[in-house]
Amino acid sequence: MSAVVSRIRVTRRAVARITLLPLLLRAGIFLSALVGLVLAYPVEVLRGQPLVAPVVALLPAVGPRRFWPTVVALLTVGGWVVAIDGYDRPVALWRLLAVAAALYLSHTLCALVAVLPYDAVVGPALVLRWLLRAVAVLLGTAVLAVLLVELAWVGGAQGLQVVTVAGLVVAVLVTVLLGWLLRRR
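Residues numbered from 1 in each chain as written. Predicted model: local features only at pLDDT ≥ 70, side-chain atom pairs only at ≥ 80, totals over all residues. Heavy atoms only, no water.

1. Considerations on the packing of aromatic side chains
Using the criterion set out here, one finds 1 aromatic pair in the structure. A centroid spacing of 4.5 Å and a plane angle of 40° characterise the contact between Phe67 and Trp68, whose relative ring orientation is tilted. The class for Trp68 is partly exposed, based on a relative accessible area of 26%. (Phe/Tyr/Trp six-rings, centres within 6.5 Å; stacked < 30°, edge-to-face > 60°. Buried < 20%, exposed > 50% of the residue type's maximum accessible area, 1.4 Å probe, protein only.)

Written out as structure tokens, the structure is:
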């Protein structure tokens, strides 16, 4: 019982000391995770349980250092697969890009918040640079995705295979590049 009381005291102290910028970043995590979940799942699933998506989206905002960001990302991808395969929703490019952007934004904000204490005093320039870098990645990815989708329709069914292989090659090259950059340090 004393462990629960001490945990409540620690939580109360942390809530009392929280500063505005970490709180706003956590709100951004919540919103991006919620947008991703709402866009990924079919309306029929969300209509039956309106509070599930906000509660699930709140988890990575509360615990960005834990496994919750991964759980929410997997649930979002699972919702996308359920909507496409189980509910025969056609793949719309805008929805695909929006879900991918929400997943990436949630992921990158969780990475930033994971290193910030609740009571951190952070300059807005740091967050602005972080968000500008995230927007640059999102724009570059969106342009590449649109180009690949357009190329897919050029060759008919054969074009889809070429674009799939090209996407896998790009993913492997990015992984190799990131590994090389990590070892270079």
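Still more to cover.
2. What to know about the confidence of the model for the protein
Mean pLDDT over the protein: 84, with 94% of residues reaching 70 or higher. Here helix H8 (residues 157–184) is the element of the protein with the lowest mean pLDDT, 79, and helix H2 (residues 20–40) is the one with the highest, 91. (pLDDT = per-residue confidence, 0-100. Helix = DSSP H or I, 4+ residues; strand = E, 2+ residues; numbered from the N terminus.)

3. Thoughts on unusual backbone geometry
You will see that Asp88, though not glycine, has its phi angle at about 50°, which is positive. By the element assignment, Asp88 lies in the loop between helix H5 (68–86) and helix H6 (93–115).

4. Some details on a nonpolar patch on the surface
Among the surface-exposed residues, Leu144, Val170, Val174, Leu177, Leu178, Trp180 and Leu181 lie close enough to one another that they form a single nonpolar patch of about 600 Å² accessible area. The element that contributes the greatest number of residues to the nonpolar patch is H8, accounting for 6 residues. The residue Val174 is located in helix H8 in this model. A relative accessible area of 43% means that Val174 is categorised as partly exposed. (Patch = residues over 30% accessible without salt bridge, like charges linked within 9 Å, V, L, I, M, F, W, Y side chains within 5 Å. Areas by Shrake-Rupley, 256 points an atom, 1.4 Å probe, with all protein chains shown as cover. Salt bridge = Lys/Arg side-chain N within 4 Å of Asp/Glu carboxyl O.)

5. Section: the environment of Gly36
Its place among the elements puts Gly36 in helix H2. For Gly36, a relative accessible area of 2% gives the class buried. Non-local contacts of Gly36, meaning those with residues more than four positions away in its chain, are made with Thr76, Val99 and Ala102. (Contact = heavy atoms within 4.5 Å.)

6. A few points about the packing of H2 against H5
For any two helices packed against each other, one specifies the crossing angle of their axes together with the interaxial distance. Taken N-terminus to C-terminus, the directions of H2 and H5 make an angle of 20°; their axes are 8 Å apart at the nearest point. Taken as axis vectors, H2 and H5 run roughly parallel relative to one another. For the element pair H2 and H5, the recorded crossing hand is left-handed. From H2, Ala33, Gly36, Leu37 and Ala40 reach across to H5, where they touch Val72, Leu75, Thr76, Gly79, Trp80 and Ala83. (Axes fitted to C-alpha atoms, helices over the stretch in contact; angles between N-to-C directions. Parallel < 35°, antiparallel > 145°, perpendicular 65-115°, else oblique. Left-handed = near helix turned anticlockwise from the far one by under 90°.)

7. A word on the layout of surface pockets
A volume near 430 Å³ is recorded for the second largest pocket. The wall of the second largest pocket is formed by 18 residues, among which Thr11, Arg26, Val62, Gly63 and Tyr118 lie closest to the centre. Going through the elements one at a time, helix H1 (2–17), H2 and helix H4 (52–62) are the ones with two or more residues in the lining of the second largest pocket. Considering every element that reaches the lining of the second largest pocket, the biggest residue donor is H1, with 5 residues. Taken together, the residues that form the lining of the second largest pocket break down as 12 nonpolar, 2 polar and 4 charged. (1 Å grid on protein atoms, 1.4 Å probe; cavity = no way out; pocket = protein on both sides within 12 Å on 5 of 7 lines; lining within 4 Å. Points joined across faces, edges and corners; volume = space filled by probe spheres on them. Nonpolar A, V, L, I, M, F, W, Y, C, P; charged D, E, K, R; others polar.)

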